Amino acid sequence: MKFRSVFDIIGPVMIGPSSSHTAGAARIGRVARTLFGRQPKWAKVYLYGSFAETYKGHGTDVAIIGGLMDYDTFDERIKTAFEDAAKIGFTYEFIPEEEEMDHPNTAKIVIGDEESVMELTGISIGGGKMEVVELNGFPLRLSGNYPALLVVHQDRAGLIASVANALAKREVNIAHMEVGRKEKGEMALMVIEVDQLIDDDIIGELRALPHITQVSTIAD
Amino acid sequence: MEVLFKSVKELISIAESENKAISEIMIEQEMLLSRRSREEIIAQMDASLVVMEEAIEKGLKGVQSTSGLTGGDAVLLQQYMEKGNTLSGNLLLDAVSKAVATNEVNAAMGTICATPTAGAAGIVPGTLFAVKSKLNPTREQMINYLFTTGAFGFVVANNASISGAAGGCQAETGSAASMAAAAIVEMAGGTPQQSAEAFSIVMKNMLGLVCDPVAGLVEVPCVKRNAMGAAKALVGADMALAGVVSRIPTDEVIEAMHRIGQTMPSALRETAKGGLAATPTGKRLEAEIFGTKVAND
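Just so it is clear, the structure is predicted and the values come from calculations on it, not from any experiment.

Caption draft 1: Up close: the overall build of chain A. Counting secondary structure elements, chain A contains seven helices and 11 strands. Whereas a compact globule of 220 residues would reach a radius of gyration of roughly 17 Å, chain A reaches 17 Å, a difference of no more than 12%. In terms of its C-alpha atoms, chain A occupies a principal-axis envelope of roughly 45 × 40 × 30 Å. Classification of the 220 residues of chain A by burial places 51% in the buried group. Long-range pairs, those at least 24 residues apart, make up 71% of the contacts in chain A between residues at least 6 apart in sequence.

Here is the structure:
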């Protein structure tokens with residue numbers, strides 16, 4: 001069940017013209033921004049499939065840039081995202097690719113500033129819904145059947161237990177969980193698929209835990 | 001995760017056995033999955049209804065897209081209706097004009113509510129605000145209309161697709177028109193089964209519809225496909241209310257739509273490479289809008 005809420009069907013409230021190419025694209029950009037944790041200075045956006053063919057007409061470009069500036073799907077500022085980016089010195093480049101991906105609406109976003117660089121690949125699956133399929137080279141293997149959380153954290157003992165406890169306290173049941181890290185003691189990732197819809201309170205509570213760098217929904 | 005229904009058959013069976021409206025089953029499922037209160041869920045849908053009404057009002061005043069391809073047709077339709085000589089009737093044309101109004105606003109990058117997508121956003125509100133004048137529903141009934149469309153859309157989205165890039169226009173305006181037909185039946189006092197029949201009757205007439213937007217814009221032919229989608233929704237609802245039934249069960253019609261979408265060539269799935277987008281005029285318009293050269297073929 002990729003679509004879980006009636007508001008996935010009747011919704012989102014959004015700036016036109018396309019739910020998958022505008023709203024879904026804005027959401028992919030916004031998740032990248034959330035996971036980066038601050039306004040990136042620059043972005044390189046690689047577009048595939050239908051995104052590559054029709055991004056100009058659908059406002060996919062302004063939507064992604066708007067998302068990278070933390071605009072929601074219904075934010076009127078999406079229309080002036082390019083001008084807004086210029087004002088804050090945020091530069092970007094769009095690169096349409098020929099390569100065929102698994103999903104017809106795929107975007108790979110590379111963002112960065114003086115401190116770090118992040119790479120995220122997202123797909124827009126229709127009606128404004130999106131999924132993150134790769135982060136910094138980590139493939140995120142989601143069944144797509146559950147709402148999913150991505151937790152970026154420091155590799156520390158007991159951290160998985162504290163996240164699981166926080167979810168248990170709210171009676172959120174974990175359906176599937178994967179943990180990965182690049183180096184011992186460095187950045188690590190938790191991908192958690194749960195049975196219940198994820199609200200902002202849950203995300204806020206997880207963010208407040210020690211050694212957690214960032215928390216975001218990656219399949220809503 | 002546990003859901004109350006995964007198919008239209010299950011949805012109708014619960015509605016019948018518990019003697020509840022389809023909209024009510026959708027609200028109960030949303031409460032179950034989101035753990036939010038009935039009041040919160042209804043308030044969110046009410047807010048979406050406000051967005052829909054504002055989009056229609058804006059479109060009926062007249063809007064133009066940046067490309068200049070669409071805008072102003074909703075106004076033409078309303079002016080034509082005022083003369084009082086319409087052939088297909090004012091209720092039907094009111095739905096058509098309000099569907100067009102919404103999609104013209106969408107094309108102009110205005111604020112709309114996707115139902116189930118932005119490209120198909122005109123049909124559900126267009127029909128709702130047209131039948132409103134005939135059936136005089138309460139605010140609650142209008143909100144329930146949206147939950148009923150959502151219930152059918154939920155099944156389509158999970159068992160087939162609501163994306164033009166994945167399944168063609170049949171997945172977008174096809175789904176929207178079928179969902180609207182089912183909700184019109186409920187509002188008009190039909191049974192849950194009649195809602196399902198209306199859905200099937202309309203979807204069967206949307207099967208195979210390709211997604212071929214000129215210049216890749218959600219304008220040509222999208223706005224007019226919303227117009228006709230609204231018309232089909234009303235006719236399909238009337239047919240079901242008259243007692244006409246679909247020989248193919250609803251879930252099988254949805255499955256057929258899914259399979260047709262999977263076998264549709266990529267050129268006809270929102271890539272702007274085939275169909276109307278690939279006509280000489282379609283290509284010329286694309287070149288004019290984006291300032292590129294037209295290929296010599």
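Caption draft 2: Focus on the overall build of chain B. Helix and strand counts for chain B come out as 13 helices and one strand. Each helix and strand of chain B, ordered N terminal to C terminal, gives the series α-α-α-α-α-β-α-α-α-α-α-α-α-α. On C-alpha atoms alone, chain B measures out to a radius of gyration of 19 Å, which is about the 19 Å that the 2.2 N^0.38 rule sets for 297 residues. The C-alpha extent of chain B, read off along each of the three principal axes, is 65 × 45 × 40 Å. Expressed as a percentage of its 297 residues, the buried residues of chain B come to 58%.

Caption draft 3: Highlighting the packing of helix H2 (residues 19-36) of chain A against helix H4 (residues 60-68) of chain A. All names here are of chain A. One way to put it is that H2 packs onto H4 with a least axis distance of 6 Å and a crossing angle of 30°. Judged by the angle between their axes, H2 and H4 are roughly parallel. The chirality of how H2 crosses H4 is right-handed. Facing H2, whose interface residues are His21, Thr22, Ala25, Ala26, Arg27, Ile28, Gly29, Arg30, Ala32 and Arg33, H4 presents Thr60, Ala63, Ile64, Ile65, Gly66, Gly67 and Leu68. The residue inventory of the contact of H2 with H4, partitioned by class, reads eight nonpolar, six polar and three charged.

Caption draft 4: Region of interest: the domain arrangement of chain A. All names here are of chain A. Taken domain by domain, chain A comprises domain 1 (1-139) and domain 2 (143-220). Centre-to-centre, using C-alpha coordinates, domain 1 lies 22 Å away from domain 2. The interface of domain 1 with domain 2 comprises 13 residues on the first partner and 13 residues on the second. Looking at the side of domain 1 that touches domain 2, the elements with two or more residues in it are H2 and strand E6 (129-135). Examining the composition of the side of domain 1 that touches domain 2, we find that four residues originate from one element, E6, more than from any other. Taken together, the residues of the side of domain 1 that touches domain 2 break down into six nonpolar, three polar and four charged.

Caption draft 5: Geometry of the packing of helix H6 (residues 123-135) of chain B against helix H9 (residues 169-187) of chain B. All names here are of chain B. Between H6 and H9, the least distance of the axes is 9 Å, while the angle of their chain directions is 20°. In this view, H6 runs roughly parallel relative to H9, as classed from their interaxial angle. H6 and H9 meet at a crossing whose hand is right-handed. In this structure, H6 uses Ile123, Val124, Thr127, Val131 and Leu135 to contact H9, whose residues at the interface are Thr173, Ala176, Ala177, Met179, Ala180, Ile184 and Met187. Residues of the contact of H6 with H9, tallied by class, amount to 10 nonpolar, two polar and no charged.

Caption draft 6: Just the environment of A:Tyr55, in detail. Residues and elements named next belong to chain A. Considering the arrangement of structural elements, one finds Tyr55 in helix H3 (residues 49-58). C-beta crowding within 10 Å serves as the criterion here: with 25 such atoms nearby, Tyr55 is assigned to the buried category. As for Tyr55 and Gly37, which are separated by 18 residues in sequence, their C-alpha atoms are 26 Å apart. Apart from residues lying up to four places away in sequence, Tyr55 is in contact with His21, Leu47, Thr60, Asp61 and Phe94.

Caption draft 7: Focus on unusual backbone geometry. With an omega of 0°, the peptide bond between A:Gly11 and A:Pro12 qualifies as cis. Among the secondary structure elements, A:Pro12 is positioned in the loop between helix H1 (6-9) and strand E1 (13-15). A cis geometry characterises the amide bond from B:Val220 onward to B:Pro221, with omega recorded as 10°. Residue placement: B:Pro221 occurs in the loop between helix H10 (192-204) and helix H11 (222-241). At B:Met109, a residue that is not glycine, the phi angle is positive and equals roughly 60°. Looking at the element boundaries, B:Met109 is found in the loop between helix H5 (90-107) and strand E1 (111-113).

Caption draft 8: The arrangement of the interface of chain A and chain B in detail. Each side of the interface is counted separately: chain A has 41 residues, and chain B has 48 residues. Of all the secondary structure elements, the ones that give two or more residues to the side of chain A that touches chain B are H1, E1, H2, H3 and strand E5 (117-126) of chain A. For the side of chain A that touches chain B, the leading source of residues is H3(A), giving six residues. Broken down by class, the residue content of the side of chain A that touches chain B amounts to 17 nonpolar, 17 polar and seven charged. Judged from the three bridges that link them, E1(A) and E1(B) form a sheet pairing that is antiparallel. The residue bridging A:Met14 from the neighbouring strand is B:Ile112, located in E1(B).

Caption draft 9: A look at the confidence of the model for chain B. All names here are of chain B. Averaged over chain B, the pLDDT score is 95; the fraction of residues at 70 or greater is 98%. Note on residues 293-297: pLDDT is under 50 here. Beyond four places in sequence and across chains, it has four contacts. For this predicted complex, the interface score ipTM comes out at 0.96, alongside a pTM of 0.90.

Caption draft 10: Focus on the pairing of E5(A). Residues and elements named next belong to chain A. Counting buried residues along E5, seven of its 10 residues qualify, which places the element largely inside the surrounding structure. In this sheet, E5 lies alongside strand E4 (residues 105-112) in antiparallel orientation, the contact comprising seven bridges. Paired with Val110 across the two strands is Glu119, which belongs to E5. A loop of four residues connects E4 with E5, the two strands running antiparallel in sequence. For E5 and E6, the ladder comprises six bridges, and the chain directions are antiparallel. Opposite Ile123, over in E6, you have Glu131 as the bridge partner. The hairpin formed by E5 and E6 contains two residues between the paired strands, and Gly127 there has a positive phi angle of roughly 65°.

Conventions used here
Residues numbered from 1 in each chain as written. Chains lettered and ligands numbered in written order. Predicted model: local features only at pLDDT ≥ 70, side-chain atom pairs only at ≥ 80, totals over all residues. Helix = DSSP H or I, 4+ residues; strand = E, 2+ residues; numbered from the N terminus. Rg over C-alpha atoms; globule rule 2.2 N^0.38 Å. Buried ≥ 20, exposed ≤ 12 C-beta atoms within 10 Å, placed from the backbone. Contact = placed C-beta atoms within 7 Å. Axes fitted to C-alpha atoms, helices over the stretch in contact; angles between N-to-C directions. Parallel < 35°, antiparallel > 145°, perpendicular 65-115°, else oblique. Left-handed = near helix turned anticlockwise from the far one by under 90°. Nonpolar A, V, L, I, M, F, W, Y, C, P; charged D, E, K, R; others polar. Domains from an automatic or database assignment. Pairing = 2+ DSSP bridges. pLDDT = per-residue confidence, 0-100.

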